[in-house]
Amino acid sequence: MVHPILMPRPGQMTEECTLLVWHKNEGDLVARGDVLFEIETDKAVMEVEAFDDGVLLRRLVEEGETVPVNSVCAYVGQPGEEIPEPASAPAGPHAPETATASAPKPAPEADVAAPAAPRISPRASRLAAELGVHVGTLVGSGPDGRIVERDIRAAATAPGVPIATARQPPDVAPPSADDEGERQPLSRMRQVIAQRMSDSARTAPQFAVTVAVDVTRLVEMRDELKAAGTPLTVTDFVMVAAARSLVEMPVVNSRTDGQSMWLRRRVHLGLAVSVPNGLVVVVVRDADHLSLDEIHQRAASLAGAAREGRLPLDQMSGSTLTISNLGMHGVEHFAAIINPGESAILAVGSAAREPVVIGDGLGIGWIMRLTLTADHRLVDGELAARFLDDLRRRLQDPAGLRRATPELEARG
């Protein structure tokens, strides 16, 4: 029996995905659980597995092609079985290529006189940037002339085209008058980030409050623990402190639609993690029920999976407050944009050596600045200041953060 392989819907709001790379060719044997191809969503790269045994009879979607969810990407069945007519597969650019369609398509004459921006897949765009290949004059071999990865590799290895000079447009395609670089489409992840941040800035009246925290004892404790083989980070301390402060001030853990508010019963901390092409927010669920060591292990595991593109989508949604730390890059202070669906976001700067008051004198300590960006529909300035003051008090007592809460002690 012939089985269609559909483009999955990884998330409730996902409408289309990009097929990045095939792991099986037509005619290859397929076993249940084999990875057929990889797809790119707005948040991650995912593998799509086979649910049936058989042979890959036909591939309908090219590498680099973006198609709607539930589109037929391929057929798996037994050798010699008749597959449905192409009309039952996605129409237009999603129809299977014929033997002659695989040849590069000549550029229309109109394009020579007024060159249009090339259509290029996200994966091919990244590869072109890595290899220094100028795509302005390439003719794509993908659907409707789309430039795909194999076109970039062919151009990079073509004789007589040095890669060192390929970064500059050839004489037949001079740069524009305003000296703009080559147009490259945003990845799906960057498009979604742009849309979500624009929506957040437009719909929520946001303001920022900053406090300086003396984290001298925290830095000393972290260094001692690291030397003893427990590699806790400043971010771990901030997360456990924030989780406990949110329990005390649940309005900061709430959300609103502008008409009503919801005080959430659980604390799910989001952590902004940089990944290729953008960032994702991984979610440490029920963070107020976790010890410092447990939060460290959970956050490190989630961040590692996100950077490798193997984090499930349900672990990238549902956060109630997000923490963004740029301190490791030497950033002293910044204000972040609220993640939609939350009432605030906490931006963490670097811990730096600064003069501090010690008794009646001066000394040198470690100072770190925290900035809370809050939705003024829910959080006013006084509440934001109290939340940051509570955070500061907790971070200046790192030994208290190491101790388990009464609830954790009862648990174990």
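What this report covers is the structure whose coordinates are included nearby. None of the values given here were measured: they were computed from a predicted structure.

Within a sheet, each strand pairs with its neighbour through backbone hydrogen bonds, oriented either parallel or antiparallel. The strand order across the open sheet built from four strands is 5-4-2-7, with neighbouring strands paired in antiparallel fashion. Strands with a single pairing partner mark the edges of an open sheet, and in this sheet they are strand 5 (45-49) and strand 7 (66-68). Averaged over all adjacent pairs, the angle separating strand axes in this sheet is 40 degrees, with direction ignored. Note: strand 2 (residues 16-22) against strand 7, three bridges, orientation antiparallel. Bridging from a neighbouring strand, Cys17 pairs with Val67 of strand 7.

This brings us to the packing of helix 7 (residues 234-248) against helix 9 (residues 381-395). Where helix 7 contacts helix 9, the axes come no closer than 9 Å and their chain directions differ by 135 degrees. Overall, the two elements helix 7 and helix 9 adopt an arrangement that is oblique. The crossing of helix 7 and helix 9 is right-handed. From helix 7, Phe237, Val238, Ala241, Ala242, Arg244, Ser245, Leu246 and Glu248 reach across to helix 9, where they touch Phe387, Asp390, Leu391, Arg394 and Leu395. Looking at side-chain class alone, the contact of helix 7 with helix 9 contains eight nonpolar, one polar and four charged residues.

When the terminal C-alpha atoms of helix 5 (residues 188-203) are compared, their 22 Å separation across 16 residues agrees well with the 22 Å that a helix rising 1.5 Å per residue should span. Where helix 5 is concerned, the buried positions are Arg188, Met189, Ile193 and Ser200. Across the axial projection of helix 5, the buried residues extend over an arc of 135 degrees, all falling on one side. Contact partners of the buried residues in helix 5: strand 2, strand 4 (35-40), strand 9 (206-214), strand 12 (269-275) and strand 13 (278-284).

Quick notes on the rules
- Residues numbered from 1 in each chain as written.
- Predicted model: local features only at pLDDT ≥ 70, side-chain atom pairs only at ≥ 80, totals over all residues.
- Heavy atoms only, no water.
- Pairing = 2+ DSSP bridges.
- Helix = DSSP H or I, 4+ residues; strand = E, 2+ residues; numbered from the N terminus.
- Axes fitted to C-alpha atoms, helices over the stretch in contact; angles between N-to-C directions.
- Parallel < 35°, antiparallel > 145°, perpendicular 65-115°, else oblique.
- Left-handed = near helix turned anticlockwise from the far one by under 90°.
- Contact = heavy atoms within 4.5 Å.
- Nonpolar A, V, L, I, M, F, W, Y, C, P; charged D, E, K, R; others polar.
- Expected span 1.5 Å × (residues − 1).
- Buried < 20%, exposed > 50% of the residue type's maximum accessible area, 1.4 Å probe, protein only.
- Arc of directions from axis to C-beta.

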